[in-house]
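# Report on the structure
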Amino acid sequence: HPHGHVRLEAKGEGATAGKSWNVVLAPPSRMERRGLEKGALKPGTTVTVEGYPNREKAEEMRAERISVNGKTVELR
């Protein structure tokens, strides 16, 4: 599969609090070209992901942008 994947656990309040997501990212080469350094998504790192859920897989989300270490990267 040419796309990256991360597993996230939603924190905070609201409908998705405590939910685990399988997040489909852009291909690694695209993420690096857009400024997301290799190794930025390590286990335990706090990130914010904006995207949309898969219609058929309730636990899966396709990421549009990701914010990590104070930097926001457009993935699509």
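Scroll up to find the structure.
What comes next concerns the included structure. (Residues numbered from 1 in each chain as written. Predicted model: local features only at pLDDT ≥ 70, side-chain atom pairs only at ≥ 80, totals over all residues. Heavy atoms only, no water.)

Between side chains of opposite charge, a pair can form as their charged atoms come close. All told, the structure shown has three salt bridges when counted by the stated rule. A salt bridge links K71 to E37; its shortest N-O distance comes to 3.7 Å. Here E37 lies in the loop between α1 (28–33) and β3 (47–53) and K71 lies in strand β5 (residues 71–74), a separation of 34 residues in the sequence. Taking the relative accessible area as the measure of exposure, K71 reaches 37% and is therefore partly exposed. Among the salt bridges present, the one from E74 reaches R65, with a minimum N-O distance of 2.9 Å. Judged by its relative accessible area of 25%, R65 is partly exposed. Linked by salt bridges that have partners in common, E50, R65 and E74 make up one network. (Salt bridge = Lys/Arg side-chain N within 4 Å of Asp/Glu carboxyl O. Helix = DSSP H or I, 4+ residues; strand = E, 2+ residues; numbered from the N terminus. Buried < 20%, exposed > 50% of the residue type's maximum accessible area, 1.4 Å probe, protein only.)

Our next topic: the layout of surface pockets. One number sums up the size of the largest pocket: a volume of about 430 Å³. Lining the largest pocket are 17 residues, and of these L8, E9, T45, T46 and V47 lie nearest its centre. Residue assignment for the lining of the largest pocket shows that the elements contributing at least two residues are β1 (5–9) and β3. Per-element accounting of the lining of the largest pocket gives the leading share, four residues, to β1. (1 Å grid on protein atoms, 1.4 Å probe; cavity = no way out; pocket = protein on both sides within 12 Å on 5 of 7 lines; lining within 4 Å. Points joined across faces, edges and corners; volume = space filled by probe spheres on them.)

Turning our eyes to something else, we now look at the environment of H3. Examined against the element boundaries, H3 turns out to sit in the segment before β1. On the accessibility criterion, H3 (21% relative accessible area) is partly exposed. Sequence separation of H3 and R30 is 27 residues, and the distance between their C-alpha atoms is 9.5 Å. For H3, the side chain forms a polar contact with the main-chain oxygen of L25, separated by 2.9 Å. (Polar contact = N/O pair within 3.5 Å; in protein donor to acceptor, adjacent residues only side chain to side chain.)

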